[in-house]
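Analysis of the macromolecular model
Here is what each chain is made of, one letter per residue.
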Amino acid sequence: MITDCHVHIQPVEMFKPEALAIMKKKRPNFDDILEYCRSPKAFLAYLDRCGIDRAVLINYVAPEVIGFTSGVNAFVADYCKANPQRLIPCGSLHPRHTHNVLADVEQIVRLGIRLIKIHSSYQLLFPNDYLKGVKELEIIYRAAEANGIPVMFHTGTSIFPGARNKYGDPIFVDDVAVDFPKLKILLAHGGRPLWMDTAFFLIRRHPNVFLDISGIPPKTLLKYFPRLPEIANKTLFGTDWPGPGVPEIKKNLDDFRALPLDGAIKHQILSATALSIWPV
Ligand SMILES: [Zn+2]
């Protein structure tokens, strides 16, 4: 049971023109991607060709920078109904774009969303801004913790126009890990490429912090995380496909499998950690 914990199947029509232009420029097979975003059946056939059993479909609310509104939640919940065993919906909330955060959180739970994405560098906030008065964030974390829904934070840089990279430093997740000890926290991209050491520290320091290796080319993974085996039980395989610069999922998987790691470590990262977070 191999899980790709980070795939972007999104409502493409919400993309702002600048963001869409980058996607189109960087992906020769953009029409295929449009088709996958429309048709779960076509996307599942693509996953079959890649050798992937399950995919977590990452969506986030970021109207200013990328264009996504809270409509992404209904989109992804509906899309995943095609095969709930294989498609895991990730939704999102934005503290500045909610009128009633409690009602919005309840909707997330009702829709069966199984992961919440906070995309700090597109949402233009720090993960720990609840300490500076952004009460909505605390409510989101509290509800996620109570309902057993993990939260994924984007960590690392981003090249989309308008993204602000200061928000991508994983150190600001440290407070969240301390204040919400039962909340499972995924660090997407392990702080790549500026803050890998910080990410590694947080994963070792906090029992509730996990590593999502998506966006890190597998060939450089051990260069960035030479002590990866020590955190294998908290590491998840992911690709970030079809993000700009990310190769096809199959290539990513092949490259990961070719790494000089024990079979048990690879199995843990490809399969077991994700099963512990999202049981079948
Ligand atoms: Zn991503």
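Check the entry above for the structure.
Quantities reported herein were computed from a predicted structural model and do not represent experimental measurements.

Re the packing of aromatic side chains
Each pair of aromatic rings is reported with the distance of its centres and the angle of its planes. Going through the model one piece at a time under the given rule, you end up with 19 aromatic pairs. Ring centres 5.8 Å apart and planes at 35° place the aromatic pair Phe75 and Tyr79 in the tilted group. In this pair, Phe75 and Tyr79 both sit in helix α4 (residues 71–80), four residues apart, roughly one turn of the helix. You'll find Phe75 and Tyr79 in the same group, each marked buried. Clustering of aromatic rings is evident, with ring pairs tying together Phe15, Tyr60, Phe68, Tyr122 and Phe160.

Observations regarding the nonpolar core
Counting 100 residues, the largest nonpolar core has Phe43, Leu57, Tyr141 and Trp278 as its most contacted members. When residues no more than four places from it in sequence are discounted, the contact partners of Phe43 are Val7, Ile9, Tyr36, Ala55, Leu57, Tyr79, Leu87 and Trp241.

Re the pairing of strand β7 (residues 209–212)
Strand residues, when the strand is regular, have side chains that alternate between the two faces of the sheet. Burial along β7 is two-sided: Val209 and Leu211 and Phe210 and Asp212, pointing in opposite directions, are all buried. With four bridges connecting them, strand β6 (residues 185–188) and β7 associate as parallel partners. Looking at the pairing, Leu187 lines up with Leu211 of β7. Traced from β6 through helix α9 (residues 196–205) to β7, the parallel crossover comes out right-handed. By the bridge criterion, two bridges tie β7 to strand β8 (residues 235–236) in an arrangement that is parallel. Its bridge partner being in β8, Leu211 is matched across the sheet by Thr235. As a crossover connection, the stretch from β7 through helix α10 (residues 218–224) into β8 is right-handed.

A few points about the packing of helix α3 (residues 40–50) against helix α11 (residues 249–257)
Between α3 and α11, the least distance of the axes is 8 Å, while the angle of their chain directions is 30°. When the axes of α3 and α11 are compared, the pair comes out roughly parallel. Here α3 runs over α11; the crossing is right-handed. From α3, Tyr46, Leu47, Arg49 and Cys50 reach across to α11, where they touch Ile249, Lys250 and Leu253.

Cut-offs and rules
- Residues numbered from 1 in each chain as written.
- Predicted model: local features only at pLDDT ≥ 70, side-chain atom pairs only at ≥ 80, totals over all residues.
- Heavy atoms only, no water.
- Phe/Tyr/Trp six-rings, centres within 6.5 Å; stacked < 30°, edge-to-face > 60°.
- Helix = DSSP H or I, 4+ residues; strand = E, 2+ residues; numbered from the N terminus.
- Buried < 20%, exposed > 50% of the residue type's maximum accessible area, 1.4 Å probe, protein only.
- Core = buried A, V, L, I, M, F, W, Y, C linked by side-chain atoms within 4.5 Å.
- Contact = heavy atoms within 4.5 Å.
- Pairing = 2+ DSSP bridges.
- Right-handed = clockwise from strand over helix to strand, strands pointing away.
- Axes fitted to C-alpha atoms, helices over the stretch in contact; angles between N-to-C directions.
- Parallel < 35°, antiparallel > 145°, perpendicular 65-115°, else oblique.
- Left-handed = near helix turned anticlockwise from the far one by under 90°.

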